[in-house]
Every structure is written in structure tokens, then in C-alpha cells.
Number of protein chains: 2
Amino acid sequence: MSDQLGMVFGALADPSRRQVIGYLSERGTATATELTGELPMTRQAVAKHLATLADAGLVESERQGRETRYRLTEAGAEWDDRLDSLKRHLERRRR
Amino acid sequence: MSDQLGMVFGALADPSRRQVIGYLSERGTATATELTGELPMTRQAVAKHLATLADAGLVESERQGRETRYRLTEAGAEWDDRLDSLKRHLERRRR
DNA sequence: CTGTAGCGCAACTTGGAGGTTGCACATGAT
DNA sequence: ATCATGTGCAACCTCCAAGTTGCGCTACAG
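All of these numbers come straight from a predicted model, not from anything done at the bench. (Residues numbered from 1 in each chain as written. Chains lettered and ligands numbered in written order. Predicted model: local features only at pLDDT ≥ 70, side-chain atom pairs only at ≥ 80, totals over all residues. Heavy atoms only, no water.)

A. Representation of the overall build of chain A within the structure. What chain A contains, in helices and strands, is 5 helices and 3 strands. Its helices and strands in sequence order give chain A the pattern α-α-β-α-α-β-β-α, from N to C terminus. On C-alpha atoms alone, chain A measures out to a radius of gyration of 14 Å, which is about the 12 Å that the 2.2 N^0.38 rule sets for 95 residues. In chain A, which comprises 95 residues, the share counted as buried stands at 38%. Counting only contacts in chain A whose residues sit at least 6 apart along the sequence, the fraction spanning at least 24 positions is 49%. Total accessible area on chain A stands at roughly 5,600 Å², and carbon and sulfur atoms take up 46% of it. If you average the places of the 16 positive and of the 15 negative side-chain charges in chain A, the two averages end up 5 Å apart. (Helix = DSSP H or I, 4+ residues; strand = E, 2+ residues; numbered from the N terminus. Rg over C-alpha atoms; globule rule 2.2 N^0.38 Å. Buried < 20%, exposed > 50% of the residue type's maximum accessible area, 1.4 Å probe, protein only. Contact = heavy atoms within 4.5 Å. Areas by Shrake-Rupley, 256 points an atom, 1.4 Å probe, with all protein chains shown as cover. Lys, Arg positive; Asp, Glu negative; His and termini not counted. Charge placed at Lys NZ, Arg CZ, Asp CG, Glu CD.)

B. A look at the protein's contact with DNA strand D. The immediate surroundings of DNA strand D are formed by 18 residues, with Thr33(A), Arg17(B), Thr42(B), Lys48(B) and His49(B) found nearest. The protein-proximal atoms of DNA strand D, defined as those within 4 Å of the protein, are 56% sugar or phosphate. The separation between a base oxygen of DNA strand D and a polar side-chain atom of Gln44(B) is 3.1 Å. One nitrogen or oxygen atom from the side chain of His49(B) is found 2.3 Å from a phosphate oxygen belonging to DNA strand D. If you list the elements that add at least two residues to the surface near DNA strand D, you get α4 (43-55) and β3 (67-72) of chain A together with α4 (43-55) of chain B. Examining the composition of the surface near DNA strand D, we find that 4 residues originate from one element, α4(B), more than from any other. Considered class by class, the residues forming the surface near DNA strand D number 2 nonpolar, 8 polar and 8 charged. (Near = heavy atom within 4 Å. Polar contact = N/O pair within 3.5 Å; in protein donor to acceptor, adjacent residues only side chain to side chain. Nonpolar A, V, L, I, M, F, W, Y, C, P; charged D, E, K, R; others polar.)

C. Spotlight on the nonpolar core. Core analysis: the biggest nonpolar cluster contains 48 residues, and Phe9(A), Leu58(A), Phe9(B) and Leu58(B) have the highest contact counts within it. When residues no more than four places from it in sequence are discounted, the contact partners of Phe9(A) are Trp79(A), Phe9(B), Leu12(B), Ala13(B), Arg18(B), Trp79(B), Leu83(B) and Leu86(B). (Core = buried A, V, L, I, M, F, W, Y, C linked by side-chain atoms within 4.5 Å.)

D. Representation of the environment of Tyr23(B) within the structure. Residue and element names in this part refer to chain B. Its location among the elements puts Tyr 23 in helix α2 (residues 15-27). Given a relative accessible area of 17%, Tyr 23 falls into the buried group. For the pair Tyr 23 and Leu 35, spaced 12 residues apart in sequence, the C-alpha to C-alpha distance is 8.1 Å. Those residues in contact with Tyr 23 that lie beyond four places of it in its chain are Gly 28, Leu 35 and Glu 38.

E. Geometry of the protein's contact with DNA strand C. Within the structure, DNA strand C sits among 18 residues, and Arg17(A), Thr42(A), Lys48(A), His49(A) and Thr33(B) are positioned closest to it. The contact atoms of DNA strand C, taken as those within 4 Å of the protein, divide so that sugar and phosphate hold 60%. At 3.2 Å from a base oxygen of DNA strand C is found a side-chain nitrogen or oxygen belonging to Gln44(A). Measuring from a sugar or linking oxygen of DNA strand C, one finds a side-chain N or O atom of Thr68(B) at 3.4 Å. Elements with a minimum of two residues in the surface near DNA strand C: α4 of chain A together with α4 and β3 (67-72) of chain B. The biggest single contributor to the surface near DNA strand C is α4(A), with 4 residues. Residues belonging to the surface near DNA strand C are distributed by class as follows: 2 nonpolar, 8 polar and 8 charged.

F. Here's a closer look at the relation of the copies chain B and chain A. When chain B is brought onto chain A, the operation consists of a screw motion whose angular component is 180 degrees and whose axial shift is 0.0 Å, with 0.0 Å RMSD remaining. Seen this way, the second copy is the image of the first under a two-fold rotation axis. Using C-alpha coordinates, one finds that chain B approaches the rotation axis most closely at Phe9(B), a distance of 2.6 Å. With an isologous cut-off of 70% or more, the 100% of interface residues of chain B that recur at the interface of chain A puts this contact in the isologous class. (Least-squares fit on C-alpha atoms with pLDDT ≥ 70 in both.)

Below, the structure is given as C-alpha cells:
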């Protein structure tokens, strides 16, 4: 599909994926197996989320030896910032 | 559910719903029947999209006589602006 | 009061998202 | 050479989103 914006929003709609973005932002890089320790699901499920994020252009991967390390793309880092702003914006508004 | 941010992103992930936001931004208000003329689907489908947008807090409705008029909330109007910025941002980046 | 225009509700179908399990393959350690 | 670790692929299940059709109710017009 070529609905770039739609893919990005679709990727961001899932809380697990937003959490992955947060972790990658803190730690720089991570493997699917590492992230599995942080999320209540199997490695394969995490891998699917990472694939979705990669399709949306928010994450990129590089194979190093027998592990595959993921990191945020520039677009992904920008969205991590926007997510912070949006959360604060929502909390302000809630009262 | 209480994943406010997730609901917003989920709502924005659908191109038809983004289009509805655009129309409401241009015209101020519209009914489901009016919007049906602009989208390749039935009135009930449009009504569902409007309900999704309302759940996400992007749109609100008011019944006037026998029609129900929808308009953007403040949050919806802000997102209409952000969508414009994002589209331009994406186009710049594409080259 | 009868017709018709606009809505809402409910049932149903279909496709895809999110998750699991099982297995095969590659790579580093012993 | 063998074993363990990390990955990828594929099949499968379940649930929800998106859309349709059909029907019944409300409200304005004649």
C-alpha cells in the first residue's frame, strides 16, 4: 500500500509499539529478544511489531552476527518527541 | 478502553476518516448523508466513521430537527492542522 | 393524516491485526 | 563436531474493523 501517513498512524495506534519506540529511544538499539523481556508476549509477536514499525519507516534493522539490532530512524525519533508532547498536551487538557 | 492516544491514532489511520476531517474543516459542519456524497460508501458506513471520530474526541454532533450535524472539536481542528504539516513534511522528505 | 427524508439500530460477511506454536536455519561457544 | 542462542518462516486461531443490507422510528411537508 502507499498510504504512508496511514501506515504511520496505524503503527502508532498500538500501545506495545509505542512502548517499543520508547525503549529504542532510551537505549539506542535493541534486539527482538531483548524487547521480549519488556513486553508480555512472545518474541515472534515482538518481531511482527518491529516489522510493522519498519514498514512505516519508524525503525530500521541491521544484522550483526547472529543477532538483528533495531534502532529508530530519524522519522521514528521525531515521532518519539511528538508522542511526549502529545501526552503532556492530553494531560493538560484532561482537567 | 482508556487508551486515548491509541484511539486518536487509530481514528487517523483510516484515509476516509482523514478525508472527513478535511471536509469538516472546510465546511464547518456536515451531516452523515451529505458526507456520503463525497465518499464511496453507504451512509451507515460514514456514520460509523463519524462515531469512531467522536469516540476519539475529534468530532462532536448535535441533533437539529431531523438531521444530525457534525463538526470538529478543538482537538479535531488541531489535528487537521497537524495533518497538513505532516503531509508537507513527508513530501519534502520524499526526495 | 399521509408521505417522505434522515437517522439509528441490529445482524451479517469478510479481511486483516495481533498473538501463538512449531520448526528449520545460521552463527558463535565449547 | 556438537550444542546453544538468536532468528526467520509458515500455519493456525481469535477477534475486531469496515462495510453491507434491512428495518423501524422521528420529524418535517403536503
